[in-house]
Each structure stands twice: as structure tokens, then as C-alpha cells.
Amino acid sequence: MKTFSRGIRVKHNKKKTEEKNLQEAIIPNHVIIPLQQSLGCPCDPIVKVGDEVKEGQKIGDSSKFVFAPVHASISGKVTKIEWQPNACGFDAASITIESSELRAESRENTEHRTQSTEHGSQNLENLTPDDIRKIVKEAGIVGLGGATFPTHVKLSPPKDKKIDTVIVNGCECEPFITIDHRLMLERTEDMIFGAQAVAKAVGASKIIIGVEKNKLNAIEKLKAVISNWKTCPELVEGLEISILDTKYPQGGEKMLIKAILEREVPSGGLPMDVGVIVNNVGTCIAITEAIKLGKPLISRAVTVTGSGIREPKNLYVRIGTTFKDVIDQCGGLTDDAAKIIMGGPMTGLPVSSLDVPVVKGTSCILVLNKKDAKAFSEGDCIRCGRCIKVCPTGLMPNFIADYIKLKDWERVEEYNVKDCIECGCCSYVCPSRIYLVQYFKLGKRELQTRKAVCK
Amino acid sequence: MNFEISTGPHIRAKDDAKSIMWWVAFALLFPSATAVYFFGISALILIIFTTLIAVISEVFFQFVSKRPITVPDGSAVVTGLLLALILPSGLPLWIAAIGSFFAIVIAKGLFGGLGFNIFNPALAARAFLVASWPVAMTMWLKPFSAITGPTPLYLSKIGEAVPGYLDLFLGNRGGCLGETSVLAILIGSGILFYKKIIDWPAPVAYIGTVFILSFLLGKDPVFHIMAGGLMLGAFFMATDYVTTPVTTKGRFIFGLGCGIMTVLIRFYGGFPEGVNYSILLMNILTPVIDKYARPRLFGALTRSRVI
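The rules behind these values
Residues numbered from 1 in each chain as written. Chains lettered and ligands numbered in written order. Predicted model: local features only at pLDDT ≥ 70, side-chain atom pairs only at ≥ 80, totals over all residues. Helix = DSSP H or I, 4+ residues; strand = E, 2+ residues; numbered from the N terminus. Rg over C-alpha atoms; globule rule 2.2 N^0.38 Å. Buried ≥ 20, exposed ≤ 12 C-beta atoms within 10 Å, placed from the backbone. Contact = placed C-beta atoms within 7 Å. Nonpolar A, V, L, I, M, F, W, Y, C, P; charged D, E, K, R; others polar. Domains from an automatic or database assignment. Pairing = 2+ DSSP bridges. pLDDT = per-residue confidence, 0-100. Core = buried A, V, L, I, M, F, W, Y, C linked by C-beta atoms within 7 Å. Expected span 1.5 Å × (residues − 1). Bend = angle between axes of the 7 residues up to and from the residue.

*Asks:* Just give me the short version of the overall build of chain B, but keep the residues and values in it.
*Replies:* Scanning chain B from N- to C-terminus turns up 13 helices and zero strands. Here chain B has a C-alpha radius of gyration of 20 Å; the compact-globule value for 307 residues is 19 Å, and the two agree. Across the 307 residues of chain B, 51% fall into the buried class. A fraction of 73% describes how many contacts in chain B between residues 6 or more apart in sequence connect residues 24 or more apart.

*Asks:* How would you summarise the overall build of chain A if you had to cite specific residues and measurements?
*Replies:* When helices and strands are tallied, chain A shows 15 helices and 17 strands. Compactness check: chain A gives a C-alpha radius of gyration of 22 Å against a globular reference of 23 Å for 455 residues, within 12% of the reference. By principal-axis analysis of the C-alpha atoms, chain A measures approximately 65 × 50 × 50 Å. Evaluated residue by residue, chain A yields a buried proportion of 54% over its 455 residues. Long-range contacts, defined here as pairs at least 24 residues apart, represent 73% of the contacts in chain A between residues at least 6 apart.

*Asks:* Which residues make up the interface of chain A and chain B, and what values go with them?
*Replies:* On the chain B side, the residues contacting the 47 residues of chain A number 31 residues. At the level of secondary structure, the elements contributing two or more residues to the side of chain A that touches chain B comprise β15 (337-342), α14 (425-429) and α15 (436-454) of chain A. The element that contributes the greatest number of residues to the side of chain A that touches chain B is β15 of chain A, accounting for four residues. Class assignment for the residues of the side of chain A that touches chain B results in 24 nonpolar, 16 polar and seven charged.

*Asks:* Tell me about the domain arrangement of chain A, and please be specific about residues and values.
*Replies:* Parsing chain A into structural domains produces domain 1 (1-20 + 105-375) and domain 2 (386-454). Looking at side-chain class alone, the side of domain 1 of chain A that touches domain 2 of chain A contains seven nonpolar, five polar and two charged residues.

*Asks:* Would you mind going over the pairing of β15 of chain A in detail, with residue names and values included?
*Replies:* Note on strand geometry: in a regular strand, side chains alternate between the two faces of the sheet. All names here are of chain A. In terms of burial, β15 is a largely internal element, six of the six residues being buried. With five bridges joining them, β15 and strand β17 (residues 364-369) adopt antiparallel strand pairing. Looking at the pairing, Met342 lines up with Ile365 of β17. Here β15 pairs with strand β16 (residues 349-351) via three bridges, running antiparallel.

*Asks:* So what's going on with the confidence of the model for chain B? Which residues, and what values?
*Replies:* Regions with low pLDDT carry predicted coordinates that are not meant to be interpreted in detail. Residues and elements named next belong to chain B. In the predicted model, chain B carries a mean pLDDT of 89, and the fraction of residues at 70 or more is 97%. Within chain B, helix α6 (residues 152-157) has the poorest average pLDDT of any element, 80, and helix α9 (residues 201-216) the best, 95. Interface predicted TM-score (ipTM) for the complex: 0.88; the corresponding pTM is 0.89.

*Asks:* Tell me what's going on with the nonpolar core, and back it up with residues and numbers.
*Replies:* If you look at the biggest cluster of nonpolar residues, it comprises 223 residues, and the most contacted ones within it are Val198 and Ile400 of chain A. Of the residues forming this core, the biggest block, 11 residues, is contributed by helix α1 (residues 17-39) of chain B. Per-domain counts for this core show at least three residues from each of domain 1 (1-20 + 105-375) and domain 2 (386-454) of chain A. Other than its neighbours up to four places away in sequence, Val198 of chain A contacts Leu155, Val166, Ile277, Asn279, Cys284 and Ile287 of chain A.

*Asks:* An account of the sheet that holds strand β8 (residues 92-98) of chain A is requested, with residue identities and associated values reported.
*Replies:* Spatial ordering of the open sheet is given by β2-β8-β7-β4 (chain A), a layout of four strands whose pairing is antiparallel. Here the strands that pair on one side only, and so sit at the sheet edges, are β2 (30-34) and β4 (52-53) of chain A.

*Asks:* Describe α1 of chain B, and please don't skip the residues or the numbers.
*Replies:* Residue and element names in this part refer to chain B. Taking 1.5 Å as the rise per residue, α1 with 23 residues should run 33 Å; its terminal C-alpha atoms sit 33 Å apart, in good agreement. At Phe30, α1 shows its strongest bend, of approximately 30°, with the proline Pro31 following within four residues. Residue Gly40 follows α1 closely and has a positive phi angle near 85°.

*Asks:* Pulling in residues and values, what's your account of unusual backbone geometry?
*Replies:* Residue and element names in this part refer to chain A. Following Tyr248, the chain continues to Pro249 via a peptide bond in cis, the omega torsion being -5°. Assignment of secondary structure puts Pro249 in the loop between β11 (239-244) and α8 (253-261). In this structure, Lys407 takes a positive phi of about 55° despite not being glycine. With respect to the secondary-structure elements, Lys407 resides in the loop between α12 (397-405) and α13 (409-414). Taking the number of C-beta atoms within 10 Å as the measure of exposure, Lys407 has 10 and is therefore exposed. Even without being glycine, Glu422 reaches a positive phi, approximately 60°.

Right under this line is the structure:
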């Protein structure tokens, strides 16, 4: 079985939602759209308070390269452009849109997603790589696995970097989350089309879809679709499925490349340094929608689950919908709900209020009840070495944490804290419950500011 | 509504420091049981007494130094049990009490408590007792009797007949309380292996090195890995988290070093046995091993290679 070294086996907890179809969520009457939803520069608003906007209209743009524009996810009136609470824990400049229409039910079914319109192009032949990049950029597409790196930037590797392989990341190694699993089952063709668009944009000849072996039905579906297409060789040329061991963090970019291609992204480098581009399943589908339907990224798939949710679901949610509106459609919170997490249980962020919006990086709304949300108090390191045994990057987390506590920044750097991918394996196994990843985030930040000061 | 806020990961593995310590204590009950079987009720009293003094010393020290009392974490119990198992049967209780106090207060507490001690507390205490009361610490009772007799390693050193393999394996021979029965030690450590609490590098490297070197030096390798405290030391002391290296590579080097030292002391030194000192000496080297035996950084080799 293909995999990477170290890592952890963790309970999947996907049972509650893995069999449930993705549904269109109710379109909310007001949305809060933060101007920065990518791992890039924030956008400037291009609408004013009081403006009427249409669904899909661009409302935030920037002249920078590393950014992704934001769009109105519902039609309505701009009522506020100000700092508002955000899932990241601090306030973010956001645009609020309110609509007067009353919508009790979901307006559309999910079928519209694959229907074509006159805006789009049904095949890739007429499109140049630059066209694809432009469409992706205008649609505001970012990495939907959670990292939210602007996709058009990823699709623009420097000339000297030859990309030979596109990897579609269908691992979904985080427990609880099931959207990529569902998307692979329900939107197989769209996903492959998107991956082919990516391959065309970067000039890669090979597409490999990496799926963990706990999603056997998705693997079967992929195989079936590919064998159906055997008659048109141009569709399946260079297309491969790679079945991977179920291990966390298999979906980490570097681990995935290592597992599938036996290539190691150099320390401090990017996948393109080894000729690879990795895109998440959801990102590929967003690219397909942008190309075929001319639809910008105004909604995304979200798993709503956990012991604190009455009716766990997989939903297509409009960007900017508040957590409250989403959770209300899932039977609401249980009485003992204690912790709201945006993302998975390993790397997700805790959220203090239900008034924060779903953003492009929200793959999951996970609510834990009191029992599951039990806080841990940190003890002293007993040097058991488990953190070292599980670190997929080959770091020594216990020593780095010690040096961060001692503020010995030279040592912190020498022990390669910058290579930490913040997967959380070390904290997960630590018998003394030390918040290792948190220390590393702190350490990385400190090193960065110190570097900036030195310059 | 107020929600819990803490950073990820929001789920944790089951094992915590406390459960690990109690599993080790549980595993030590097997060699303790054989000790009681072979050396009688006095061994039971010695084991309970030593452990009790260890716990009392911990409470005393943490109270005096105004630290939180951490007895429930089980580390004092483990230290007390381990120390009892490396004492000779029939040792006066007051000497055992001093040893137990030394282990907890001097060897562990003064260094900062659990996680910060340099030496294995039980081994440090034993070394201290051997230096202070050499006669009492080398009076070995024969199993099922009140007569003293030499240990197999001493017999081997002076060239006399040694017990057979089966007696060595089962524990029917003179020696420290818990070191005599190889079988009990294997059962106890087997549980710890199964629970993934200890790992193979240190014990395998340790026992393997002694076996190979004994063979190369023309001694009986099977006798030398079963006699003395090697098994107990390799499985329960060379795997101590706090005082041994943290990486797989480091732990292997640690075991290798222990093996070489043990053989040197046994064959060329003045003592018949060398497990205690060899592990203590390697404890000193642990920080150095940790510094150099690091895991390979992901992507480190390809840093300069162009693909």
C-alpha cells in the first residue's frame, strides 16, 4: 500500500455523513463576505453601501497577483462594509449583502450544477492555458481543501519549472469530513474535467487521483467512469487512480506526492520544484463550474457534523452564510454542544460565535459536545519520543517546544520549525498533552517577525 | 452561548502519561511476583516497604518544595518498585528506605521532578547504596532458603560451576529480587511492547551486543544474557523515557553503548556485574546522543539536487 513514513492512525468518524448526498442549502437572506478569503492579499471593495448586487457579481478585487476576487453569493443590497467577526478569531473587513426575498426552501436542486449555459465552454480544446488561468482567477477560485491558496497562482509556475503531473487530492484524511468523498461519488466527471483543465494550464501530461482506501466506493466509481470512457482515448489518456493507505496526514501535499510518486518536495520548497501540482477534489470541480457555467466560487461543499449536531449533513453552502443559518438546517445544536470548529478536528480552528460566515476555506463545521470537547491540561514532557515517531516531516517536536519556551530562537530555527506542516500528529499522541503545534505556530511567527526586523 | 476555545488538534490519543506509568507498574508486578515466590514473604515486605517509602518521599519533597503533589501519576510507584527489584533479598529495611528516599528526592526531585532527571532514579539509588553499604548490598540469599550464596555471575567470574539455563530462565538462582526470572521479565515487558509503551531499539541493541561480544570473547553468550540484571536492565531501565534518548536511532546507540560497557565491566572490570553502571554511564551520554541522532528531515536530501 502506498503511503509516506510516520503519521498516525486516527478514528475516522465519517459514518454519520459519508452515505448522505450533498444537498443544496437554503439560500440565506443575508450573507457576510470577508474581503480576504485566500492565502493572499485582501481585496478592495468595488461596491458601495446601498448598491444593488446580483448573484455572482464581483464585489472585491485587487491589483495584486497573489489574491482571489470575491463575489456576491446572493442577489440583494449591500448594507454594510465594515469589520466583522470572522472564524479566524479576529475581525475581518467584510461586505454584508441583504436580500428582501423570502426563501423558505432551497430554490434550486443540485442538477443545475452540471447544466451548461451559453457563458461557458464545454470542452478544453478552444481554451489556451492563459484562458484557463484567467477564468480561474476571475472566478475567485482558491484551494478548497482548507489552505485557500489562490489557484490561478498555482497554475502559473515559473518557466523554468516543468510540471509533468497533476495530482488530484481525494484523500480527505481529516476525520469527520466527507465532502470530497461525496464529490468524488456524485461529481466524478466534473472532477476529472477540472483536473484536465489544470493539466492543460500547466502543460502536464499525467493526472493521478489519490484516494485513501477507506473510500472504496469512490475508487469503484472512478474506475467505472474511466472504463466507460475507454472509447474516447483522448479523455482517459494519462489518467490514473492511486489507492493510498488510510493514514493521517495522507492528504498533506508533501506526503501525498511522496506516497504517489516517491518524490520528496525539498525542505522549504513547493510541489512544483518536483514537477507536481496538487489540487483538491473540490477545487477541480469549482474549476469545471467556472469553465462550463461561467460560475464564480460563490458556494462550496461543507460537512456539518459532530456530536453536537442533531442531523449531520453534507451541504452546498453559499459563501457568507452564517454558521447559525447552516446549523439551523441541520436540526440545530444539541443541548450539550460545547465547541464549534471550522475545519476538521486535527487542524480546524475553534469558533467563538455562530455569527461568523462560511468562507472559501470552510470545509467542515464540526460541533463537539461537552464530553468530546474536554480541555486538556498540559504536563511536563516525559521524553517518550512519540511526537518524533509520528512527525511526517522528521522533526523533533519535544525539543522545538522546549526551545520555544526558552525563547532560544536560534535553536528553534536550527531544529527546522519552518518545515512543520502543522498537521497536529505530535499534539495528538503527546501523553503529556502538550500543545506542541500551538508552540510551533508561535515559533514560526516569531522567527518571521525577527527576520523582518533584521531586514 | 459560550463555546469552548482551544487550539487544535481537538481530539487526542487515549494514552496519557498517567496511564503509561501505571501500565509500567503493572508490568513490574510479574518480576515482583516471582521474587516473592523464590525469596518468600520477606521479599514481599521489602517490595511493599520500598514502594511505600518512595511514595512518602515524593509527597514529602513536593510538599516541602511547594510543588503540586503528583503521586497519582504513578511515577513514584514505578521508581519504588524498580528499586525494590534491584535490591538483594534480605536487605535491612532501613537501608532500603534510605535508597528509596535517595531515588525520589536526590536523583529525581532535586533535578526538577519527572521528566527532568538525568539518571534513572532507581539505578542511581542502587549505586549509592552499593557504595555506602557494600557488604549488605552484596549478600545474596539462595532461593527458598535463608542461606546466603554467590550469584551466577560471581561464580562465573571465579570460574566455578554456574546454574543451568532452565534455572536461569525461570529464576531459581541468587540475585536481586526482580532480576532472577527471565520469564517474568519477558512477560512483563511483553505487555509493554504490546501496549506500544516501550520499543525495541534499546533492549535489542543492548542484549544483542552482550550476546555477540560474549560469543566473540569466548564466553557463553546464552549464560551472559540471562545471568545478572541484563534482562531487567534492558527491558525496564534502558527503555526509561526520561533518561534515555528520544529517537529510534538514539535508543539503538544507547543500547549498543550499554552492551559494550556491561561486557567491559563483567569481563575486565573488578565487579562481576556491570548493568547498573553501564546504564548510568549511558544516561550521562543521553543529551549528546539526542543532539546528533536526529531523524532525517523530510526533503533534506533533495535540497541541492535539481530535478
